[in-house]
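Next come the chains, spelled out residue by residue.
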Amino acid sequence: KIKWMNIFQKSNNTNWCPDLSIVMKLKVSLIGADREYMNSFVCFNGIDVLIQMIRGCVSKQAFNDHDAQALSEIISCCKAIMNNSLGMDSFMEVARSIDYLTRCLNFDYKVLAMQVLEILSVCCYYSEKSALMVLHG
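Starting afresh in each chain, residues are numbered from 1 along the sequence in its written order. Where totals are concerned, whole chains, interfaces and linings use all residues; where local detail is concerned, this predicted model gives features only for residues with pLDDT of at least 70, and gives and counts side-chain atom pairs only at 80 or more. For side-chain calculations, the full set of non-hydrogen atoms in the structure is used, while hydrogens and water are omitted.

A. Molecular detail of the overall build of the protein. A tally of helices and strands in the protein yields 8 helices and 0 strands. Helix and strand assignments follow DSSP, with helices taken as H or I runs no shorter than four residues and strands as E runs no shorter than two, numbered in order from the N terminus. Going from N to C terminus, the protein has its helices and strands arranged as α-α-α-α-α-α-α-α. Burial here depends on accessible area, computed with a 1.4 Å probe over protein chains only, as a share of the maximum for the residue type. Under 20% is buried, over 50% is exposed, and the range in between is partly exposed. A buried classification covers 43% of the 137 residues belonging to the protein. Between two residues, a contact is recorded if the distance between any of their heavy atoms is within 4.5 Å. Taking all contacts inside the protein whose residues are at least 6 apart in sequence as the whole, residues at least 24 apart take part in 68%. Just so you have it, the protein exposes about 7,600 Å², and 53% of that area is on carbon and sulfur atoms. In this description, accessible areas are obtained by the Shrake-Rupley approach with a 1.4 Å probe, and a residue is regarded as covered only by the protein chains that are shown.

B. Local environment of the packing of aromatic side chains. A pair of aromatic rings is counted whenever rings of Phe, Tyr or Trp (Trp by its six-membered ring) have centres within 6.5 Å, and the orientation is called stacked for planes under 30 degrees apart, edge-to-face for over 60 and tilted otherwise. What the rule picks out here adds up to 1 aromatic pair. Ring geometry for Phe63 against Tyr109: centres 5.5 Å apart, planes inclined by 75°, an arrangement best described as edge-to-face. Taken together, the positions of Phe63 in the loop between α3 (46-58) and α4 (65-81) and Tyr109 in the loop between α6 (97-102) and α7 (110-126) put the pair 46 residues apart, joining distant regions of the chain. The class of Phe63 is partly exposed, set by a relative accessible area of 24%.

C. A look at the packing of α7 against helix α8 (residues 128-136). Following both chains from N to C, one finds α7 and α8 inclined at 140°, their axes separated by 5 Å at the closest point. Our classification of the angle between α7 and α8 gives oblique. Where α7 abuts α8, its residues Leu120, Cys123, Cys124 and Tyr126 lie against Ser130, Ala131 and Val134. Classifying every residue of the contact of α7 with α8 gives 6 nonpolar, 1 polar and no charged. Fitted lines through C-alpha atoms serve as axes, helices being fitted only where they are in contact, and the angles separating the N-to-C directions of these axes extend from 0 to 180 degrees. Roughly parallel means an angle under 35 degrees; roughly antiparallel, over 145; roughly perpendicular, 65 to 115; everything else is oblique. Charged residues are taken to be Asp, Glu, Lys and Arg, nonpolar residues to be Ala, Val, Leu, Ile, Met, Phe, Trp, Tyr, Cys and Pro, and polar residues to be all remaining types, Gly included.

D. Inspection of the side chain of Ser90 at higher detail. Tracing the backbone shows Ser90 in helix α5 (residues 85-93). Look at Ser90 and you get buried, because its relative accessible area is 10%. In this view, Ser90 contacts Val42 and Ile47; residues no more than four positions away in its chain are not counted.

E. The arrangement of α7 in detail. Expected span of a helix: the number of residues minus one, times 1.5 Å. For α7, with 17 residues, the first-to-last C-alpha span of 24 Å sits near the 24 Å given by 1.5 Å per residue. Along α7, the residues classified as buried are Leu112, Ala113, Gln115, Val116, Ile119, Leu120 and Cys123. In an axial view of α7, the angular spread of the buried residues amounts to 160°, which keeps them on one side of the axis. Exposed positions of α7 whose direction lies more than 90 degrees from the buried face are Lys110, Val111, Met114 and Tyr125. Against the buried residues of α7 lie α4, α5, α6 and α8. This arc corresponds to the set of directions leading from the helix axis out to the C-beta atoms.

F. Geometry of α5. Taken together, the buried positions of α5 are occupied by Gly87, Met88, Ser90, Phe91 and Met92. Elements in contact with the buried residues of α5: α2 (35-43), α3, α4, α6, α7 and α8. Counting of polar contacts relies on pairs of N or O atoms within 3.5 Å, with two restrictions inside protein: one atom must be capable of donating a hydrogen and the other of accepting it, and residues adjacent in sequence are counted only when both atoms are side-chain atoms. Backbone nitrogen of Leu86 and a side-chain oxygen of the N-cap are separated by 3.1 Å at the start of α5; the cap is Asn84.

Pasting the structure below:
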């Protein structure tokens, strides 16, 4: 069993925002990931689970500072994945990934909004297909 998979036990609860320390550990793992680790993360639907965590955070009725910080860390995980062509292509293949990223745009939390805008702009630059996904996302 892949170590990071136990992080996501609650991820199918749509109103669940993950524990901040767990997401921070995942971010460190993804930033330092070698190709084998990244391949296993992608193959075992890690990106899907990150999108589910984003969905859980943005779906909460009462979004607070802790949720914004957790969401910022999740987005940092996405950024670490999208730092190479394998990760970027894999991220773009996940259904509604761009849609859920755009739902993170909350200008009450400027750092969070800037992270999202940075990722969306990189997507636009990466390929015509991903630019169209951003425009229609």
